[in-house]
Amino acid sequence: EVMSVKGASFFRALGAGNSYGASARGIAIQTASPDGEEFPVFKQFWIEKPVMGEDKFRFYALMDGPSVTGAYEFTVNVGASTEVEVRASLFARRDTYRVGLAPLTSMFEFGPQDPPDKNNDFRPRVHDSEGLSAMLANGEWIWRPLNNPGTLQLSSFTNEVPRGFGLMQRTRSYENYQDIEAQYEARPSVWVTPGAGWREGQLTLVEIPTPNEYNDNIISFWQLRDPLRKGERMDMTYKMTWGMDAPFRPNLASVHSTRVGEAETSKSRLFVVDFDVVDAQRMKGVEANVSTTSGKVQNVNVKIDEKRNRVRLSFELDTAGGSTAELRALLTRVGRPVSETWLYRWSAG
């Protein structure tokens, strides 16, 4: 089994060694809107008879909904990673706002960045995906750890169509999860590569509070800036890659983990971000650029860990009584980036 299509316009796929985790859907309509979300349905399917000896198959789906209908073609290429090529034609039945392309849905209950007293679970972490990764149009790579917030959170990251984005499960050791039944270490990472027909918009992340691991509370998608007008047709293509790893990773230090606690000498919040590197010795002389939208960043430290080939960035955030802060950190050498850009939304709640 390599793919499952069940309910509304949801579907999910498996790469080699994966167990089902994150899902995708044909389209997102009014996600996180106060007017309520709309869920179009794949109501009819057609499948082509596969060619003998080929590791791929193609099927078609008719999507029907109150605001938008559409015709979809899925070409599924099976391998170590399963690639799903999507070609779709959308038709608006009425003026439709908050349209999300290539939506991904996942679950994040808690991870190492959460305080120990947040839950009474015996496991150190519970999530289908741990971060949003994206390669922006200008070549910058970003990594945003996911959160289970106290209130609904919406975040936007770029107004230019990215070269790719996805919900990633990077931590692959059973010891990090300790869950024999759920096998979170085997959940697939899902990467979206935009193709033709994508319009202006913004990369959006929605994080919804959840009390347990049974609710999908993470959604990411490309939200169109302009509505689809009644009678309008939109054609688009994109490719999705499902597997243990992203189809490619930056030739940069990548975020290994994020931890948050309290500073020993003050009531400031302490952030510890570890980056994986190829050769720690070559990272000597790197500098950290850390910024915040509120409060004050202080005591920024960079340490080279040659034993584990990592770089540890630590800093404190004096929140100055604020309730939220958007944090940004980047490792550079001689003014040039040598790491992904780490993004984080701190919230007092």
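Preceding block: the structure.
Residues numbered from 1 in each chain as written. Predicted model: local features only at pLDDT ≥ 70, side-chain atom pairs only at ≥ 80, totals over all residues. Heavy atoms only, no water.

### Quick notes on the overall build of the protein
Link 1 in the chain: Of regular secondary structure, the protein possesses 0 helices and 27 strands.
Link 2 in the chain: The principal-axis extents of the C-alpha atoms in the protein amount to approximately 65 × 45 × 45 Å.
Link 3 in the chain: A separation of at least 24 residues holds for 63% of the contacts in the protein among residues at least 6 apart in sequence.
Link 4 in the chain: Carbon and sulfur atoms form 47% of the exposed surface of the protein, whose accessible area is close to 16,300 Å².
Link 5 in the chain: Averaging the coordinates of the 41 positive side-chain charges in the protein and doing the same for the 44 negative ones gives two points 3 Å apart. (Helix = DSSP H or I, 4+ residues; strand = E, 2+ residues; numbered from the N terminus. Contact = heavy atoms within 4.5 Å. Areas by Shrake-Rupley, 256 points an atom, 1.4 Å probe, with all protein chains shown as cover. Lys, Arg positive; Asp, Glu negative; His and termini not counted. Charge placed at Lys NZ, Arg CZ, Asp CG, Glu CD.)

### Some details on the packing of aromatic side chains
The description of two aromatic rings rests on the distance between their centres and on the angle between their planes.
Link 1 in the chain: The final tally for this structure, using the stated rule, is 19 aromatic pairs.
Link 2 in the chain: Seen in terms of ring centroids, Phe271 and Trp342 are 6.2 Å apart; in terms of plane orientation they differ by 70 degrees. Their pairing is edge-to-face. Here Trp342 lies in strand β27 (residues 341-347) and Phe271 lies in strand β21 (residues 269-276), a separation of 71 residues in the sequence. We note that Phe271, like Trp342, is buried.
Link 3 in the chain: Ring plane angle 75 degrees and centroid distance 5.7 Å describe the contact between Phe271 and Tyr344, whose orientation is recorded as edge-to-face. Here Tyr344 lies in strand β27 and Phe271 lies in strand β21, a separation of 73 residues in the sequence. Neither Phe271 nor Tyr344 differs from the other in exposure class; each is buried.
Link 4 in the chain: Connected via pairs of aromatic rings, a cluster forms that spans Phe11, Phe42, Phe45, Phe57, Phe59, Tyr72 and Phe74.
Link 5 in the chain: Over the ring of Tyr20 we find Arg12, and its NZ or CZ is 4.4 Å from the ring centre.
Link 6 in the chain: Directly above the ring of Trp143 sits Arg170, whose terminal nitrogen or CZ lies 3.8 Å from the centroid. (Phe/Tyr/Trp six-rings, centres within 6.5 Å; stacked < 30°, edge-to-face > 60°. Buried < 20%, exposed > 50% of the residue type's maximum accessible area, 1.4 Å probe, protein only. Lys NZ or Arg CZ within 6 Å of the ring centre and 35° of its normal.)

### A look at the pattern of salt bridges
Link 1 in the chain: Inspection of the entire model under this criterion finds 26 salt bridges.
Link 2 in the chain: Put simply, Glu326 and Arg345 hold a salt bridge, and the shortest N to O gap is 2.5 Å. Note that Glu326 is positioned in strand β25 (residues 324-333) and Arg345 in strand β27, a separation of 19 residues in sequence.
Link 3 in the chain: You can call Glu326 partly exposed: its relative accessible area is 32%.
Link 4 in the chain: Exposure remark for Arg345: the relative accessible area of 16% places this residue in the buried category.
Link 5 in the chain: Three or more residues joined by partner-sharing salt bridges are found here, namely Asp121, Arg123, Asp179 and Glu213. (Salt bridge = Lys/Arg side-chain N within 4 Å of Asp/Glu carboxyl O.)

### Thoughts on unusual backbone geometry
Link 1 in the chain: The phi angle at Ala32 is positive, at roughly 60 degrees, despite the residue not being glycine.
Link 2 in the chain: Among the secondary structure elements, Ala32 is positioned in the loop between β4 (28-29) and β5 (41-47).
Link 3 in the chain: Relative accessible area serves as the criterion here: at 24%, Ala32 is assigned to the partly exposed category.
Link 4 in the chain: In the Ramachandran plot, Gln183 falls in the positive-phi region, its phi being about 50 degrees despite a non-glycine side chain.

### Observations regarding a nonpolar patch on the surface
Link 1 in the chain: A contiguous nonpolar surface patch, about 220 Å² in accessible area, is contributed by Leu152, Leu154 and Ile208.
Link 2 in the chain: For Leu154, the location among the structural elements is in strand β14 (residues 153-156).
Link 3 in the chain: The exposure class of Leu154 is partly exposed, given its relative accessible area of 36%. (Patch = residues over 30% accessible without salt bridge, like charges linked within 9 Å, V, L, I, M, F, W, Y side chains within 5 Å.)

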